[in-house]
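Now for the letters of each chain:
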Amino acid sequence: MDMIQIVGLGLITTVLVLIIKEQKPMFAFLLTAFTGITIFLFLIGKISSVIFVLEDLASKADINTVFLKTILKIIGIAYIAEFGAQIVRDAGQESIASKIELAGKIIIMVMAIPIVSVIIETVVKLLPA
């Protein structure tokens, strides 16, 4: 049912944007951005429930929560970077959208270094001397 509401909102907004775009392009962009933010806010509750389940599974599996939190932050950065890039791309600024995506990738790489280090250390310990 939620997906039907999201698709409905998207279709209605698309029709409105197509009608308004010729007369007021700035208003059409604001309507597009507002709709994207509304959909994102609608999904926050669902995202938080997924995070709670993952945290519960991690605690039951006795996994260090630092790793789980880092992975969740990385996923969040990826979604936020993609969301921002799409909004900027909708405004016709492909170059800025590419820079947002690049920044997201670099931040993800920096955040992943501790996890990669632990994996490499574990592999080295498993190798025979």
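Residues numbered from 1 in each chain as written. Predicted model: local features only at pLDDT ≥ 70, side-chain atom pairs only at ≥ 80, totals over all residues. Heavy atoms only, no water.

**Overview of the environment of T32**
Quick reminder of the rule: Secondary structure elements follow DSSP: runs of H or I of four or more residues count as helices, runs of E of two or more count as strands, with numbering from the N terminus. A 1.4 Å probe rolled over the protein chains alone gives each residue an accessible area, and that area as a share of the maximum for its type sets the label: buried under 20%, exposed over 50%, partly exposed in between. Whether two residues are in contact is decided by their heavy atoms: any pair within 4.5 Å suffices.
Here T32 lies in helix α2 (residues 25-60). Assessed through its relative accessible area of 26%, T32 is described here as partly exposed. Spatially, the C-alpha atom of T32 lies 9.4 Å from that of L16, the residues being 16 residues apart in sequence. Beyond its immediate chain neighbours, meaning those up to four positions away, T32 contacts T13, V17 and D90.

**Here we look at helix α3 (residues 65-90)**
Inclusion rule: For a helix, the expected span equals 1.5 Å multiplied by the number of residues minus one. What qualifies as a polar contact is a pair of N or O atoms within 3.5 Å, subject to a donor-acceptor requirement within protein and to the restriction that residues adjacent in sequence count only when both atoms come from side chains.
Taking 1.5 Å per residue, 26 residues should reach 38 Å; α3 reaches 37 Å between its end C-alpha atoms and fits that length. Among all positions of α3, only L68, T70, L72, I74, A81, A85, I87 and V88 are buried. Buried positions along α3 lie against α2 and α4 (94-126). The N-cap residue of α3 is N64: its side-chain oxygen and the backbone nitrogen of V66 are 3.1 Å apart.

**Side note on the packing of α3 against α4**
Put simply, the rule reads: Simply put, an axis is a line fit to the C-alpha atoms, just over the touching stretch for a helix, and the angle between two N-to-C directions goes from 0 to 180 degrees. Working definition: roughly parallel below 35 degrees, roughly antiparallel above 145 degrees, roughly perpendicular at 65 to 115 degrees, and oblique for all remaining angles. The residue classification treats Ala, Val, Leu, Ile, Met, Phe, Trp, Tyr, Cys and Pro as nonpolar and Asp, Glu, Lys and Arg as charged. All others, Gly included, are polar.
The N-to-C vectors of α3 and α4 enclose an angle of 175°; their axes lie 8 Å apart at closest approach. The orientation of α3 with respect to α4, classified from their angle, is roughly antiparallel. Partitioning the contact of α3 with α4 into residue classes produces 17 nonpolar, four polar and five charged.

Geometric descriptors of this kind do not, in isolation, establish any biological role.
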